[in-house]
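Descriptive analysis of the structure
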Amino acid sequence: MLNLADIMETITMIQDENLDIRTITMGISLLDCADTDIDKSCEKVYEKICEKAKDLVSVGEAIERKYGIPIVNKRISVTPISMLVGISGGDPVKYALTLDKAAKTVGVNFIGGFSALVQKGFAAGDKELIESIPRALAETDLVCSSVNIGSTRAGINMDAVALMGEKVKEAAELTKDKNCIGAAKLVVFCNAVEDNPFMAGAFHGVGEADCVINVGVSGPGVVRAALAKLPKDAPLNEVAELIKKTAFKVTRMGQLVGQEASKMLGVPFGIVDLSLAPTPAVGDSVAYILEEIGLEQCGTHGTTAALAMLNDAVKKGGVMASSAVGGLSGAFIPVSEDAGMIAAARSGCLCLEKLEAMTAVCSVGLDMIVIPGDTPASTISAIIADEAAIGMINSKTTAVRVIPAVGQIDGELDFGGLLGSGPIMKLNPKSADTMISRGGRIPAPIQSLKN
Amino acid sequence: MKAVVTVIGKDMVGILAKTASACAGRNANVSDVTQSILDGYFCMVMVIEIDKMTCELAELEKDIKNAVPEMVVHVMHEDIFNSMHRI
């Protein structure tokens, strides 16, 4: 029998604490769409996406009505497009336009997979795709792009790092009249995961099934509200225990929604991504959780320790709640998407160096950070290299999504919606130009020799 | 299959009657009702059988909201509570 307190807890979580399913992402393999003629290839891509995902949005809405829980995004991830470019040749932007058109036809919020995996070197199609990314992001609305430039197994491809610094800058420049939004849709990864349902980094890995449903949950507001009820003198092991229990409940929602969506669409259920994904809505913030744990403001000394405990407790709670956990699974710290992070960055309490330390203990990396528009490409490359090194050595995913505020010296960029807004953050003015222009590879670390 | 109807707000005459008749209007059988005062609010939880119901849960929620416009109403499938609170 259902218990009154349990029922009220669930309703409060959804109504007052912003509990929602952040995304249902359908992963679709496009390997069978490859053709030596790019136009034929695009046609097959369009047809396959429209066929597989035709009911995705309506099923998502039906589940929202049935369970009364909001499902904020319905998305699609596809096989890295560089593989198709390698076979067909031609202008990769044609694929981006095709993906954009298909996404609009089926009504999803974003489509990810305009991607290349170049951690060890460039294969056919990779360089062409990377060169075309800024144009592809400027000419489309819903396409997201990612490039994996390093891994624990392979080391870091520094030629790709140098190239990506330039591409991030170009992506911002080509969209400077739209708040540099191009750069907000481009992620540079180390140790990218193949089943990530979150954007902008989602793509459908080659080891995945033909079509799967992955679910990303959210719930920083729920965790913060639970911690607010705990006495301020409760020891940290009790804090961790409470986070675990709350993460369990949040993840159960994701599992339920994923199973239901998989049944209704007739597509296998992939994974639940246990991430704490913030939104700019007040209360739905990872920074506020850290402040609830006992920091005056996120970014001060102690932030890394609090975040490490939070991230670990979320995983421990979530892992038992789901039959298959995957994706990025951890706490996200995107600056512009988190009300508490925005406030901390504005006040100067949260700086880039601290964010970098935080990325060593949480799920992703330097995410949604606005940097000065005149930042040299080699400095962006150096930021990417630093993050990739943290990921490579710690066998974890790290990423960089920085937005050069082209045409703005001071002030803020406002992307609107879930992407939020953020102040321009200060960078170290000294150059890393010589190191970046060396190119080559950083060899795989000793951690790679696990066999 | 069952669903859970919750009605929360200031106590007043006829909440139970109006909610129950909205359910009856959509052929949903009321199988259990609990009501109490929680944090100073009147709080009613009604479990209904929805196998023979003639509409979606969201529509029933609209009906009940129209019947008791002063109250906060949720109609949700029981699975969401079972999955969150049972291992």
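Residues numbered from 1 in each chain as written. Chains lettered and ligands numbered in written order. Predicted model: local features only at pLDDT ≥ 70, side-chain atom pairs only at ≥ 80, totals over all residues.

Topic: the domain arrangement of chain A
Residue and element names in this part refer to chain A. Domain parsing of chain A yields domain 1 (27–190) and domain 2 (217–448). Each of domain 1 and domain 2 has a C-alpha centre, and these two points are 22 Å apart. In this complex, domain 1 contributes 40 residues to the contact, which on the side of domain 2 involves 47 residues. When residues of the side of domain 1 that touches domain 2 are traced back to their parent elements, those giving at least two are helix H3 (56–67), strand S4 (143–151), strand S5 (155–157), helix H7 (158–174), helix H8 (181–184) and strand S6 (186–190). Considering every element that reaches the side of domain 1 that touches domain 2, the biggest residue donor is H7, with eleven residues. (Domains from an automatic or database assignment. Contact = placed C-beta atoms within 7 Å. Helix = DSSP H or I, 4+ residues; strand = E, 2+ residues; numbered from the N terminus.)

Regarding the environment of Met 341 of chain A
Residues and elements named next belong to chain A. Note that Met 341 resides in helix H13 (residues 339–347). Along the primary structure Met 341 and Cys 362 are separated by 21 residues, whereas in three dimensions their C-alpha atoms are 15 Å apart. Setting aside chain neighbours within four positions, we find Met 341 in contact with Ala 287, Cys 298, Ile 333, Val 335 and Leu 350.

Some details on the pairing of S4 of chain A
All names here are of chain A. With nine of nine residues buried, S4 lies mostly within the body of the structure. Relative to S4, strand S3 (residues 110–117) is paired through six bridges, and the arrangement is parallel. Opposite Ile 111, over in S4, you have Val 143 as the bridge partner. In terms of strand pairing, S4 meets S6 through five bridges, oriented parallel. Opposite Gly 150, over in S6, you have Cys 190 as the bridge partner. Sheet analysis places S4 next to S5, joined by two bridges and oriented antiparallel. Bridging across to S5, Ser 151 finds its partner in Gly 155. In textbook terms, the turn of a hairpin is the stretch between consecutive antiparallel strands, and for S4 and S5 this stretch comprises three residues. (Buried ≥ 20, exposed ≤ 12 C-beta atoms within 10 Å, placed from the backbone. Pairing = 2+ DSSP bridges.)

What to know about helix H1 (residues 15–25) of chain B
Residue and element names in this part refer to chain B. When we look at burial in H1, the residues that qualify are Ile 15, Thr 19, Ala 22 and Cys 23. The buried residues of H1 occupy an angular sector of 100 degrees when projected down its axis, which confines them to one face. Seen from the open side of H1, the exposed residues pointing more than 90 degrees away from its buried face are Ala 17 and Ala 24. Of the surrounding elements, those touching the buried residues of H1 are strand S1 (2–9), strand S2 (29–38), strand S3 (41–49) and helix H2 (57–67). Immediately downstream of H1, the backbone of Asn 27 shows phi near 65 degrees, a positive value. (Arc of directions from axis to C-beta.)

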